[in-house]
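Each chain is listed here by its residues.
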Amino acid sequence: MAILGWREGIPLPLVKVALATCALSAGLTAGWLASGGLAVLAATAGVVAVMNGYSKAYSP
Amino acid sequence: MAADLSVGRKTRPLGLLAAYAAPAVAVWALAGLLANLAPIQPAALGLTVAYGIYYGLIETSGRPGLPAPGRTWQVPSQWVDNTPRWQRILIWGALLGPGFATRNPYAGFGLLVLVVCSAGNIRLGVALATTLGLLHGLARAAALLRDSRHVAATDYLDLVARSMRWRTIDGLTLLAAAGAATITIVFHG
């Protein structure tokens with residue numbers, strides 16, 4: 001698998017579904033633990049801001 | 001892209017970081033102020049959920065979909081050709097640091113705007129926007145420093161593979177943000 005360095009064994013769509021489910025669940029769980037406050041959303045946005053700024057150089 | 005930016009061999013890292021971060025902070029602070037003048041928090045949270053799920057799914061799956069919102073404009077070369085190095089850095093910093101002016105290949109950038117609109121009050125909105133702008137500007141400059149120190153030896157296919165990996169990670173982060181926004185609506189909606 002070229003996307004995440006996956007080699008072989010598990011079908012790629014299954015991996016993607018699992019990853020997407022995990023990401024959504026992580027956001028739901030963290031939000032729940034924070035009692036629905038904006039802290040989790042703000043922290044996630046902070047991560048996105050760093051990733052977005054740093055990764056633009058890799059855009060062909 | 002940043003590998004093409006000639007900033008000179010003796011780029012002073014702090015100056016470069018400041019040239020990118022200062023305009024980013026200023027522009028984002030203004031955006032945070034304007035975005036929270038009107039009470040749009042509920043709509044912004046709803047849009048954050050929809051946006052995060054839609055772009056999260058297409059970026060994670062790699063399927064085609066609507067392009068990430070943004071501009072296709074690029075800095076004209078005559079703006080930076082034959083200019084002193086310090087002036088070139090200031091131009092690049094002012095235009096690339098905030099992130100609004102040029103192309104955004106990943107949908108995550110649009111999420112930042114929606115999250116700022118979700119703040120619910122001006123003080124929090126400006127603080128959040130300022131922080132996001134600072135992080136974006138510093139990360140953008142850090143990528144440029146990385147590329148200016150390591151001469152680009154990557155070929156086009158390698159660049160595409162890296163871009164696909166970033167796209168997937170961006171999609172997963174969007175989904176996590178959609179989850180967090182959903183819970184915020186449930187608790188406070």
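About the thresholds
Sequence positions are assigned chain by chain, starting from 1 and proceeding in written order. Whichever chain is written first is A, and whichever ligand is written first is 1; the rest continue in order. It should be noted that, the model being predicted, local features are given only for residues of pLDDT at least 70 and side-chain atom pairs only at 80 or more, the latter also being counted only at that level, while totals for whole chains, interfaces and linings use all residues. Here a helix means four or more residues in a row that DSSP labels H or I, a strand means two or more in a row labelled E, and each is numbered from the N terminus. Here the globule rule is a power law, 2.2 Å times the number of residues to the power 0.38, and the radius of gyration is based on C-alpha atoms. We call two residues in contact when their backbone-placed C-beta atoms lie within 7 Å. All amino acids are sorted into three groups, where Ala, Val, Leu, Ile, Met, Phe, Trp, Tyr, Cys and Pro are nonpolar, Asp, Glu, Lys and Arg are charged, and the leftover types, Gly among them, are polar. Residues are called buried when their C-beta atom has 20 or more other C-beta atoms within 10 Å, exposed when it has 12 or fewer, and partly exposed otherwise; all C-beta atoms are positioned from the backbone. Lines fitted to C-alpha atoms define the axes, with helix axes restricted to the stretch in contact, and inter-axis angles between N-to-C directions lie between 0 and 180 degrees. Orientation categories follow fixed angle ranges, with anything under 35 degrees roughly parallel, anything over 145 roughly antiparallel, 65 to 115 roughly perpendicular, and all other angles oblique. Crossing handedness follows the turn of the near helix against the far one: under a right angle anticlockwise gives a left-handed crossing, and clockwise gives a right-handed one. The nonpolar core criterion groups buried Ala, Val, Leu, Ile, Met, Phe, Trp, Tyr and Cys residues into a set whenever they are joined through C-beta atoms within 7 Å.

1. Re the overall build of chain B
Then, number 1: Counting its regular elements, chain B contains six helices and zero strands.
Then, number 2: The helix and strand sequence of chain B, counted from the amino end, reads α-α-α-α-α-α.
Then, number 3: In summary, chain B has a C-alpha radius of gyration of 18 Å against a globular reference of 16 Å for 189 residues, a match within 12%.
Then, number 4: With respect to the three principal axes, the spread of C-alpha positions in chain B is 55 × 40 × 25 Å.
Then, number 5: Sequence separation of 24 or more characterises 90% of the internal contacts of chain B that already satisfy a separation of 6 or more.

2. Section: the interface of chain A and chain B
Many authors give the size of an interface as the accessible area that is lost as the parts come together.
Then, number 1: Opposite the 38 residues of chain A that make contact, chain B presents 56 residues.
Then, number 2: Along the lines of polarity and charge, the residues of the side of chain A that touches chain B split into 25 nonpolar, eleven polar and two charged.

3. Side note on helix 4 (residues 108–117) of chain B
Then, number 1: Burial analysis of helix 4 of chain B places ten of its ten residues in the buried class, which makes it a mostly covered element.
Then, number 2: Three or more residues of helix 4 of chain B are buried, namely Gly108, Phe109, Gly110, Leu111, Leu112, Val113, Leu114, Val115, Val116 and Cys117 of chain B.
Then, number 3: Of the surrounding elements, those touching the buried residues of helix 4 of chain B are helix 2 (39–55) of chain A together with helix 1 (13–35), helix 2 (41–61), helix 5 (122–149) and helix 6 (156–188) of chain B.

4. Regarding the packing of helix 2 of chain A against helix 6 of chain B
Then, number 1: Axis separation between helix 2 of chain A and helix 6 of chain B bottoms out at 9 Å; the angle between their running directions is 160 degrees. Here helix 6 of chain B runs roughly antiparallel to helix 2 of chain A, going by the angle between their axes. Of the two possible hands of crossing, helix 2 of chain A and helix 6 of chain B adopt the one that is left-handed. Across the interface between the two elements, Val40, Leu41, Thr44, Ala45, Val47, Val48, Met51 and Ser55 of chain A of helix 2 of chain A pack against Trp166, Ile169, Asp170, Thr173, Ala176, Ala177, Ala180, Ala181 and Thr184 of chain B of helix 6 of chain B.
Then, number 2: Of the residues belonging to the contact of helix 2 of chain A with helix 6 of chain B, the class tally is twelve nonpolar, four polar and one charged.

5. Some points on the nonpolar core
Then, number 1: One finds Leu41 and Ala45 of chain A together with Leu111, Leu112, Val116, Leu132 and Ala177 of chain B to be the most contacted residues of the largest nonpolar core, which totals 64 residues.
Then, number 2: Going through the elements one at a time, helix 1 (12–33) and helix 2 of chain A together with helix 1, helix 2, helix 3 (85–96), helix 4, helix 5 and helix 6 of chain B are the ones with two or more residues in this core.
Then, number 3: Beyond its immediate stretch of four places on either side in the chain, leucine 41 of chain A contacts Val115, Ser118, Ala177, Ala180, Ala181 and Thr184 of chain B.

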